[in-house]
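# Observations on the model geometry
These are the residues of each chain, in order.
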Amino acid sequence: MKTALRQAAALLQQSERPLLISHPRPDGDTIGSTLALRLALRELGKDPIIACIHPLGENLAYLPGADQYQETLPDEIDIDLVVVIDMSDLDRTGGLYREEWRDRIPLLVIDHHATNDAFGDVNLVDPTSAATVMPMIELLEALDVKIQDELATCLLVGLLTDTRGLRTQSTSPTVLRTVSSLIEAGGEYVKVMQKTLDSVPYKKMRGWGKALDRLQLNGAVAWTTFPLDEKKALAISDHADLDLGNLLSRVAEANITAAFVEMRDETVKISFRARPGYDVATVAASLGGGGHRLAAGCTLDGSLEAVVDRVLPMLHRAVESAE
Ligand code: 5GP
Ligand code: MN
């Protein structure tokens, strides 16, 4: 067994009250992996706490244990292990991680981002995996947990969302075999497709309308913007990114796309997507963010206009350097 896998399993076996953290604006991979681990640890007689600074979208809130998420943690908290899931640096806990834990409580990182800088005491990080779900499955097997039913459904959510419904370059034969075995183990494939992937709230789809109305294409770069006041007008929460990154990724003429979404406090969240052969991880990392070659993101200070002006030339350079 790989060293990191053995060490990760040992940390979880020794722990009684682990804190599991999912990343902000949570996606299906961070949530599915976290909820699967929570179910597994409860089966092993442990008492895990799960936390995420943002609420789950309706398309994830139906999952078992989703109602147990805490958005803030009490000052006094009795935990003996911190597990951060599907994030490439500690900033991605959104402030839930406390520096004072550093020397007292072990930190376990479970992730699949190429930009992960191995910031934990133990790092179960596989950048070749399509989703954090893949190293998570290895870990559950190392813990002798039976993967079935609700737990299998949680894992399916992570795999199906991070591969955008099994259509990304990362959708390998291994991924398809894993999906098959999760279905055989009782995972609800059609339910996940219906409730998580094919369910867009009405106001979010109205938001897509506004965003697509402003869609621009210049050479092989397509982008759009979404100002905060339009979120307010549609009663969409300030932190939402409307999943515009994945929507724009389908523009046929574009090799790189970017969705610029205004957040509170004069910041702009950017979602980058690239077609195979192009690389947005390097751009995102150079701006203080991270991700994968084909899907990455960052958050920058400044107005929408200023951020767009700063970032677009970088995207044109990224297109040129790949050609
Ligand atoms: P999305 O555009 O869907 O928010 O994110 C695409 C990918 O980039 C995901 O794997 C996500 O974890 C990563 N990502 C997005 N924003 C950030 C960021 O600010 N920092 C880091 N390290 N990764 C990010
Ligand atoms: Mn992921």
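Calculation rules
Residues numbered from 1 in each chain as written. Chains lettered and ligands numbered in written order. Predicted model: local features only at pLDDT ≥ 70, side-chain atom pairs only at ≥ 80, totals over all residues. Heavy atoms only, no water. Disulfide = S-S within 2.5 Å. Donors = N, O, S within 2.8 Å, 3.2 Å for Na, K, Ca; no water. Helix = DSSP H or I, 4+ residues; strand = E, 2+ residues; numbered from the N terminus. Buried < 20%, exposed > 50% of the residue type's maximum accessible area, 1.4 Å probe, protein only. Pairing = 2+ DSSP bridges. Axes fitted to C-alpha atoms, helices over the stretch in contact; angles between N-to-C directions. Contact = heavy atoms within 4.5 Å. Near = heavy atom within 4 Å. Polar contact = N/O pair within 3.5 Å; in protein donor to acceptor, adjacent residues only side chain to side chain. Areas by Shrake-Rupley, 256 points an atom, 1.4 Å probe, with all protein chains shown as cover.

Another point: the state of the cysteines. Using the criterion set out here, one finds 0 disulfides in the structure. With no disulfide of its own, Cys154 lies 15 Å from the sulfur of Cys52, the closest cysteine sulfur.

Looking at the manganese ion (ligand 2), one finds its protein donor set to be Asp29 (OD), Asp86 (OD), His112 (NE2) and Asp162 (OD), positioned 2.2 to 2.4 Å from the metal centre. If you list the donors of the manganese ion (ligand 2) from N- to C-terminus, the spacing comes out as D-x56-D-x25-H-x49-D. Residue Asp29 is located in helix α2 (residues 28–43), and its partner His112 is located in the loop between β4 (107–111) and β5 (122–125); the two are separated by 83 residues in the primary sequence. With respect to burial, Asp29 and His112 carry one shared label: buried.

Reading across the sheet, the 5 strands line up as β2-β1-β3-β4-β5 and stay open at both edges, with parallel pairing between neighbours. Looking at strand neighbours, the two that pair on one side only are β2 (49–51) and β5, the edges of this open sheet. Recorded for the sheet is a direction-independent mean angle of 15° between the axes of neighbouring strands. Both strand β1 (residues 18–22) and β2 contribute to a ladder of 3 bridges, which runs parallel. Bridging across to β2, Ile21 finds its partner in Ala51. This element, α2, spans β1, β2, β3 (81–85) and β4 of the sheet and lies at about 165° to β1.

Moving on, we come to the pairing of β1. Here β1 lies mainly inside the structure; 5 of its 5 residues are buried. Of the two faces of β1, both are covered, the one formed by Pro18, Leu20 and Ser22 as well as the one formed by Leu19 and Ile21. In terms of strand pairing, β1 meets β3 through 5 bridges, oriented parallel. Of the residues in β3, the one forming a bridge with Leu20 is Val83.

In the vicinity of ligand 1, 16 residues are found, and the nearest of them are Ser88, His113, Lys269, Ser271 and Arg273. Within the side chain of Arg92, one N or O atom sits 3.1 Å away from an oxygen atom of ligand 1. In isolation ligand 1 offers 490 Å² of accessible surface; the protein chains occlude 86% of this area. Every element with two or more residues in the shell around ligand 1 is listed here: β9 (267–274), β10 (290–291) and β11 (295–301).

Take it as geometry only, folks, not as evidence of what the structure does.
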